[in-house]
Amino acid sequence: MSSIAVYPGSFDPVTLGHLDIAARAAKLFAELHIVVVHNPAKTASLPSAVRIELIREGLQEAGVRANNIKIDTLDGGLLVDYCTMVGARALIKGFRSNADLDYELPMAQVNRDLADVESIFLPANPQYGYVSSSLVKQVFSLGGDVSGYVTKSVERALASSSANRK
Ligand code: PNS
């Protein structure tokens with residue numbers, strides 16, 4: 001039996017929905033590793049070191065006072081190998097809709113085939129049920145207000161990343 005779980009994702013950038021899932025998962029497990037994973041199917045907007053820092057600051061800004069959360073990065077290789085390395089038998093995934101389940105189910109099945117790592121799906125808080133990193137980036141890049149979806153530090157990081165691109 002393992003009481004360690006891994007919450008993986010691109011977190012590009014972390015949203016209030018992600019932070020909500022992390023806070024809830026941290027209440028279910030003795031140890032939670034939030035892992036910023038390089039997803040080859042996506043082009044990252046923010047470097048992984050920045051994404052890690054935004055998660056760290058975001059947990060503080062959101063008032064999540066869990067001392068059992070570790071934040072890490074996985075720049076290559078299988079997620080299940082990371083799970084084995086840290087002794088985790090469970091992956092945490094948030095889901096907002098059937099589309100998320102369609103996307104997540106094959107990954108959950110493969111991860112179980114590969115290393116008997118189970119996926120646990122936590123339903124999104126309805127308040128964040130439509131919030132995604134890609135929508136946040138799009139709205140922000142078009143001048144929209146994203147303050148209801150991300151922390152202040154993420155807003156600052158998006159502003160500085162868009163200023164650097166100009
Ligand atoms: O936030 P995302 O981009 O939807 O997260 C997807 C992620 C990073 C969790 C997924 O792409 C992943 O698990 N990548 C690690 C590589 C891996 O283990 N692939 C094989 C099993 S899916």
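Predicted model, so just to flag it, every value in this text is computed and none were measured. (Residues numbered from 1 in each chain as written. Predicted model: local features only at pLDDT ≥ 70, side-chain atom pairs only at ≥ 80, totals over all residues. Heavy atoms only, no water.)

Chemist: Is there a simple way to explain the pairing of strand S4 (residues 90-95) in this structure?
Modeler: Every regular strand shows the same layout, with side chains that alternate between the two sheet faces. Bridge count between strand S1 (residues 4-9) and S4: two bridges; the pairing is parallel. Counted as the bridge partner of Ala 5 is Ala 90 from S4. Sheet analysis places S4 next to strand S5 (residues 118-123), joined by six bridges and oriented parallel. Among the inter-strand pairings, Gly 94 is bridged to a residue of S5, identified as Leu 122. Handedness of the β-α-β unit built from S4, helix H4 (residues 98-115) and S5 comes out right-handed. (Pairing = 2+ DSSP bridges. Helix = DSSP H or I, 4+ residues; strand = E, 2+ residues; numbered from the N terminus. Right-handed = clockwise from strand over helix to strand, strands pointing away.)

Chemist: Whenever I open this one, the nonpolar core confuses me. Can you help?
Modeler: Note that soluble globular proteins tend to have their nonpolar side chains buried in a common cluster. One finds Tyr 7, Leu 32, Ile 34, Ile 55, Leu 59, Ile 69 and Ile 92 to be the most contacted residues of the largest nonpolar core, which totals 33 residues. For this core, the secondary structure elements donating two or more residues are S1, helix H1 (16-26), strand S2 (31-37), helix H2 (48-61), strand S3 (69-74), S4 and helix H6 (152-165). Apart from residues no more than four positions distant in its own chain, Ile 92 is found in contact with Ala 5, Val 6, Tyr 7, Pro 8, Ile 21, Ala 25, Phe 29, Leu 32, Ile 120 and Leu 122. With 13 residues, the next largest nonpolar core counts Val 6, Leu 74, Tyr 82 and Leu 91 among its residues. (Core = buried A, V, L, I, M, F, W, Y, C linked by side-chain atoms within 4.5 Å. Buried < 20%, exposed > 50% of the residue type's maximum accessible area, 1.4 Å probe, protein only. Contact = heavy atoms within 4.5 Å.)

Chemist: Please clarify how the pairing of S1 should be interpreted in this entry.
Modeler: Counted residue by residue, S1 has six buried out of six residues, so it is predominantly covered. Along S1, one buried face is formed by Ile 4, Val 6 and Pro 8 and the opposite face, lined by Ala 5, Tyr 7 and Gly 9, is buried too. As paired elements, S1 and S2 share six bridges and run parallel to each other. Note on S2: the bridge partner recorded for Pro 8 is Val 35. This β-α-β element, S1 to H1 to S2, shows right-handed connectivity.

Keep in mind that these numbers describe shape and distance, not what the molecule does.
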